[in-house]
Protein chains: 2
Amino acid sequence: MKERDDILRAAAEFLGRRPNATQDEIARAAGVSRATLHRHFAGRTALFAALEQLAVAQMRQALATARLADGPATDALARLVAASQDASAYLALMYSQSQEYDPEHPHEAWAEIDAEIAALFRRGQEAGEFRLDLGPAWLADAFYSLAAGAAWSVQTGRAAARDFTHMVTTLLLHGAVRR
Amino acid sequence: MKERDDILRAAAEFLGRRPNATQDEIARAAGVSRATLHRHFAGRTALFAALEQLAVAQMRQALATARLADGPATDALARLVAASQDASAYLALMYSQSQEYDPEHPHEAWAEIDAEIAALFRRGQEAGEFRLDLGPAWLADAFYSLAAGAAWSVQTGRAAARDFTHMVTTLLLHGAVRR
DNA sequence: CTCAGATGAGACAGAAACGTCTCACCTGAG
DNA sequence: CTCAGGTGAGACGTTTCTGTCTCATCTGAG
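In this report, the structure presented in the accompanying data block is examined. Fair warning: this is a prediction, and the values are worked out from it, not measured in the lab.

Before going further, it helps to spend a moment on the packing of aromatic side chains. Aromatic ring pairs are reported here in terms of the distance separating the ring centres and the angle at which the planes meet. All names here are of chain B. Using the criterion set out here, one finds four aromatic pairs over all chains in the structure. Ring geometry for phenylalanine 143 versus tyrosine 144: centroids 5.4 Å apart, planes at 50°, classification tilted. Of the two residues examined, phenylalanine 143 and tyrosine 144, each falls in the buried class.

Quick look at the pattern of salt bridges now. Evaluation of the coordinates by the stated rule reveals 14 salt bridges over all chains. Across the salt bridge formed by A:Arg67 and A:Asp70, the nearest N and O atoms sit 2.9 Å from each other. What makes A:Asp70 partly exposed here is its relative accessible area of 36%. Salt-bridge contacts for B:Arg131 lead to B:Asp133; the nearest nitrogen and oxygen are separated by 2.8 Å. Judged by its relative accessible area of 17%, B:Arg131 is buried. The network of salt bridges with shared partners includes A:Asp24, A:Arg28 and A:Arg34.

For the rest of this paragraph, the subject is helix 8 (residues 136–155) of chain B. Its 20 residues place the ends of helix 8 of chain B 28 Å apart at the C-alpha level, agreeing with the 28 Å of an ideal helix rising 1.5 Å per residue. B:Gly157 sits one or two positions beyond helix 8 of chain B and adopts a positive phi of about 80°.

Counting 124 residues, the largest nonpolar core has A:Leu51, A:Ile117, B:Leu51 and B:Ile117 as the members making the most contacts within it. Aside from chain neighbours lying at most four places away, what touches B:Leu51 is B:Leu8, B:Ala12, B:Leu15, B:Tyr90, B:Leu93 and B:Met94.

Attention now goes to the relation of the copies chain A and chain B. When chain A is fitted onto chain B, the two copies agree to an RMSD of 0.1 Å after a turn of 180° and an axial shift of 0.1 Å. Within this description, the copies of the chain are treated as partners about a two-fold rotation axis. Of the C-alpha atoms belonging to chain A, the one lying closest to the rotation axis is found on A:Gly175, 1.9 Å away. Counting the interface residues of chain A, we find that 100% of their copies in chain B are interface residues as well, pointing to one common contact surface.

Thresholds applied
Residues numbered from 1 in each chain as written. Chains lettered and ligands numbered in written order. Predicted model: local features only at pLDDT ≥ 70, side-chain atom pairs only at ≥ 80, totals over all residues. Heavy atoms only, no water. Phe/Tyr/Trp six-rings, centres within 6.5 Å; stacked < 30°, edge-to-face > 60°. Buried < 20%, exposed > 50% of the residue type's maximum accessible area, 1.4 Å probe, protein only. Salt bridge = Lys/Arg side-chain N within 4 Å of Asp/Glu carboxyl O. Helix = DSSP H or I, 4+ residues; strand = E, 2+ residues; numbered from the N terminus. Expected span 1.5 Å × (residues − 1). Core = buried A, V, L, I, M, F, W, Y, C linked by side-chain atoms within 4.5 Å. Contact = heavy atoms within 4.5 Å. Least-squares fit on C-alpha atoms with pLDDT ≥ 70 in both.

Any functional reading would require information that these geometric values do not contain.
Structure representation (structure tokens):
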């Protein structure tokens with residue numbers, strides 16, 4: 001029996017790479033038939049609702065795990081990146097779907113998550129840990145971009161999953177220039 | 001009269017945010033009717049071919065402008081980012097379309113462009129400018145991710161176009177941590 | 001003003017995908 | 001082994017979108 005969450009993960013990964021995928025293709029990628037996909041999610045709208053809900057839940061979990069208010073902002077960010085790895089397939093999907101799926105409620109949830117991440121960057125700036133010339137909103141966007149990009153690299157085999165945290169954290173905190 | 005290139009740019013920006021957009025939506029976003037869109041691009045396939053061709057051409061132009069082999073790798077990268085701004089709408093689109101559009105020829109062109117960018121990072125590493133613990137392939141992917149993310153921020157009004165280069169270059173080279 | 005060329009609106013046939021259902025078969029617990 | 005629940009394949013009617021076309025109108029150069 002194929003677990004609902006297994007289907008969702010496979011769907012998220014597939015849709016992250018093929019935003020135009022048909023239900024048939026999504027079902028196949030998830031290893032089930034279209035009828036089974038329909039039984040779990042009564043149509044594309046329901047599938048996307050479930051994906052978004054799971055993405056939000058996972059990011060909320062990541063935020064709770066990372067405890068952004070605790071300790072140095074630098075350490076909190078590293079914890080956030082690590083905790084976001086599980087959600088990264090969904091981030092890549094949400095990134096590619098962007099405004100595609102647009103009900104009221106989930107955007108509020110994302111706004112909340114965005115605000116918490118931006119607040120972490122702001123805290124870091126106020127504490128003198130992070131530079132002031134890059135806005136917290138951009139830093140939060142960049143976090144998402146890099147996480148989604150790294151997820152994609154992992155999915156396409158260009159990077160190892162175990163390197164996710166290091167790749168994103170190092171670049172986000174320290175950049176490419178050698179110390 | 002609406003210029004063909006104006007249509008392509010508007011289409012790229014719109015599709016970067018709405019990869020599933022219908023031809024009708026694309027046309028409207030470009031300020032023309034579907035019939036006119038069809039007259040310029042005989043169908044979705046032709047539209048995507050034109051978009052990809054333009055993206056490749058613009059990135060090639062950016063590479064030529066940036067002269068990646070000249071001077072310190074750090075400076076070359078900054079030049080690349082600056083030169084890529086015009087192409088960034090297309091990068092965001094190509095990012096969201098990913099494997100969606102898949103003819104033989106354009107992927108070869110992208111592979112070439114990718115290789116040149118990765119070679120810049122490799123050169124920087126060999127010259128001791130860039131850290132060694134992040135692979136050139138990831139650094140190239142990260143460049144794309146940040147450029148696309150910044151393009152999106154600019155498009156959605158969360159960042160100013162004039163800050164594009166600074167946002168991407170600073171983060172890519174130096175990261176968020178304060179010196 | 002004229003007129004060639006461009007445009008938008010809308011029509012239309014066809015294709016693809018959708019949502020949904022039925023039925024035969026499978027799976028795994030008891 | 002039995003049987004409840006799950007599954008896949010395929011059918012089917014509906015919907016959406018597509019590619020394409022016609023025709024009336026608009027635009028801008030001469």
